[in-house]
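# Report on the structure
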Amino acid sequence: MPTAYTILFALLVVVAIATWLIPAGEYDRVDGLPVAGSYHEVERQGQRVGDIILASFRGFYDAVDIAVFILMVGGFLGVVMKTGAIDAGVSGVVQRLNGKEILLIPVLMIAFSLGGTSFGMWEETMAFYPLLIPVFLAAGYDAVVGISVILIGAGAGVISSTVNPFATGIASGFAGVTLGDGILLRVLQWLVFEGVAIWYVASYAAKVKKDPSRSVVGVGSGRLQVTADKPIELTQRRKAILVIFGGVFLIMTYAVIPFDEMGLGLPTLGWWFPELSALFLVGGVIAGLIDRMKETEIAETFVAGCADLLGVALIIGISRGITVIMNDGAVTDTILYWGEQALAGAGAVLFVVLVYLIYLPLSILIPSSSGLATLSIPIVAPLGRFAGVGGDLVVTAFQSASGLVNIITPTAAVVMGALALGKVGYDQWFKYIWKLILYFLALTLLFLAAGAVLG
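Residues numbered from 1 in each chain as written. Predicted model: local features only at pLDDT ≥ 70, side-chain atom pairs only at ≥ 80, totals over all residues. Heavy atoms only, no water.

## A closer look at the side chain of Ser 161
- Looking at the secondary structure, you find Ser 161 in the loop between α7 (143–159) and α8 (165–175).
- For Ser 161, a relative accessible area of 0% corresponds to the buried category.
- Discounting chain neighbours no more than four positions away, the residues touching Ser 161 are Gly 116, Thr 117, Thr 168, Arg 186 and Gln 399. (Helix = DSSP H or I, 4+ residues; strand = E, 2+ residues; numbered from the N terminus. Buried < 20%, exposed > 50% of the residue type's maximum accessible area, 1.4 Å probe, protein only. Contact = heavy atoms within 4.5 Å.)

## So, the packing of aromatic side chains
- Evaluation of the coordinates by the stated rule reveals 17 aromatic pairs.
- On the basis of an interplanar angle of 5° and a centroid distance of 5.9 Å, the ring pair of Phe 76 and Phe 245 is categorised as stacked. Within this pair, whereas Phe 76 is found in helix α3 (residues 64–83), its partner Phe 245 is found in helix α10 (residues 236–256), the two being separated by 169 residues in sequence.
- Ring plane angle 65° and centroid distance 4.8 Å describe the contact between Tyr 204 and Tyr 432, whose orientation is recorded as edge-to-face. With Tyr 204 in helix α9 (residues 183–210) and Tyr 432 in helix α19 (residues 426–454), this residue pair connects regions lying 228 residues apart in the sequence. Judged on exposure class, the residue Tyr 204 and its partner Tyr 432 are both buried.
- Ring pairing ties together the aromatic residues Phe 69, Phe 76, Phe 245, Phe 249, Phe 273 and Phe 280, which thus form one cluster.
- Positioned above the aromatic ring of Tyr 141, the side-chain terminus of Lys 209 is 4.9 Å from the ring centre. (Phe/Tyr/Trp six-rings, centres within 6.5 Å; stacked < 30°, edge-to-face > 60°. Lys NZ or Arg CZ within 6 Å of the ring centre and 35° of its normal.)

## What to know about the environment of Val 177
- Assignment of secondary structure puts Val 177 in the loop between α8 and α9.
- The buried category is assigned to Val 177, whose relative accessible area is 15%.
- Taking the C-alpha atoms as reference points, Val 177 and Gly 391, 214 residues apart in sequence, are found 6.3 Å from one another.
- The contact partners of Val 177, leaving out residues within four places of it in the chain, are Ser 172, Trp 272, Gly 391 and Asp 392.

## Regarding α19
- Taking 1.5 Å per residue as the helical rise, α19 with its 29 residues ought to reach 42 Å, and the 40 Å between its terminal C-alpha atoms agrees with that figure.
- Remark: the principal bend of α19, roughly 45°, maps to Ile 433.
- For α19, the set of buried residues is Trp 429, Tyr 432, Ile 433, Leu 436, Ile 437, Phe 440, Thr 444, Phe 447, Leu 448, Gly 451 and Ala 452. (Expected span 1.5 Å × (residues − 1). Bend = angle between axes of the 7 residues up to and from the residue.)

## Details of the packing of α3 against helix α11 (residues 273–290)
- Running from N to C, α3 and α11 cross one another at 15°; their axes reach a closest spacing of 8 Å. In terms of orientation, α3 lies roughly parallel with respect to α11. For the pair α3 and α11, the sense of crossing is left-handed. Packed against α3, whose contacting residues are Asp 65, Ile 66, Val 68, Phe 69, Met 72, Val 73, Phe 76, Val 79, Val 80 and Thr 83, the element α11 presents Phe 273, Leu 276, Ser 277, Phe 280, Leu 281, Gly 283, Gly 284, Ala 287 and Gly 288 at the interface.
- Classifying every residue of the contact of α3 with α11 gives 13 nonpolar, five polar and one charged. (Axes fitted to C-alpha atoms, helices over the stretch in contact; angles between N-to-C directions. Parallel < 35°, antiparallel > 145°, perpendicular 65-115°, else oblique. Left-handed = near helix turned anticlockwise from the far one by under 90°. Nonpolar A, V, L, I, M, F, W, Y, C, P; charged D, E, K, R; others polar.)

## Here we look at the side chain of Thr 83
- Mapped onto the elements of the fold, Thr 83 is located in helix α3.
- Residue contacts for Thr 83: discarding those within four places in its chain leaves Arg 238, Ile 241, Ala 287, Asp 291 and Met 293.

## Points about unusual backbone geometry
- We note that Arg 292 has phi near 60°; this positive angle belongs to a residue other than glycine.
- In this structure, Arg 292 sits in the loop between α11 and α12 (295–308).
- The phi dihedral of Ala 330 is positive, around 60°, even though this residue is not glycine.
- Within the secondary structure, Ala 330 sits in the loop between α13 (310–328) and α14 (332–342).
- According to the relative accessible area criterion, Ala 330 is buried, its value standing at 14%.

## A short note on a nonpolar patch on the surface
- On the surface, Val 49, Ile 53, Leu 54, Phe 57 and Tyr 61 cluster together to form a nonpolar patch covering roughly 590 Å² of accessible area.
- Checked against the element boundaries, Val 49 lands in helix α2 (residues 49–62).
- Since its relative accessible area comes to 61%, Val 49 is described here as exposed. (Patch = residues over 30% accessible without salt bridge, like charges linked within 9 Å, V, L, I, M, F, W, Y side chains within 5 Å. Areas by Shrake-Rupley, 256 points an atom, 1.4 Å probe, with all protein chains shown as cover. Salt bridge = Lys/Arg side-chain N within 4 Å of Asp/Glu carboxyl O.)

Structure follows, in structure tokens:
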């Protein structure tokens, strides 16, 4: 399977060719938004080889605020992870529940889910598999339980992201809405999804403990060639860093919620990418100072964290370049017009359901949620307005589909890496998780339909 970069560049070429085949046209706009029924054809603006090469660079410039924000988040996470505070927090939970490992399932799944729903914790979970899988194996479960606690715990949070900057944040920016728009529906979705996920994993774990023959891999199979590390001490310094870690995301959550529009009497900060970028920068520096890092170490660690997410920023540039090609070729509005005609007479419920179903295969082809959001949301969100669906519900449909696919698709590096660590075959994982996928699919359709009706 080609990388996201290759797929996106291939799409650049395809879209450039399409500008020579699709009629050029545009809508009249009011405040930057297309006016339904105002489409008219214009002179063809076919894109050439030079335009294709420059498109990604122009796309990066157009989305520089989002790209910088992502780099600041990476730097912040890099500093916090190096302090050992996150590892110590998990280790502390394991110690306190020693002998009551069944309680680890809801406790850890909720913890990982909070990370998934707030900052898109996904690749970062890879560090926890070697620590937790042996714990569950020793308790009489199988490797699938250990993998599920981390992967499904975080995955359920990502599916129902509330303020996840990599899915919700990027998509909201392109949809012209804030992170606070639609957050109540997403919070309710998160509560339900995480409850279902915990029930599913705990039920399977109980069956395996009672009857090992019901394991999809066999109890004891998939045992790692490593043992759990010694408990990491949760010092006062690391506790303080955890407070900073949680506080940064709480501030971000508060700062983007439009309390004034919700009729609440709380002060509305109205922060967006510039302010949020500064928040994560300051949070990373404070965490480093608390850990008594030297100035050079803080800087180097922060920059290394930024580098870890540089690929995400580059994907945004490339995928935004597709929008640049479409706009310069004057075909974006033509596609919107075709969509407007195809959805004519379709109600909001049908529209949002179709959007969700279309995003499922797209998420397989483009596993990067940020790349998929940058590529598609600028097109899909305006179509939603024609169907009477707000940008926030389009964002919810997008992130729900992307998150669902990412816990089962073999194109997801986290899925395949976790299974490799637990020595669990992909066929065994599929046999275990397919029912949960159907549950999540049905629940998502219900939430989207309800959101369309109530919206």
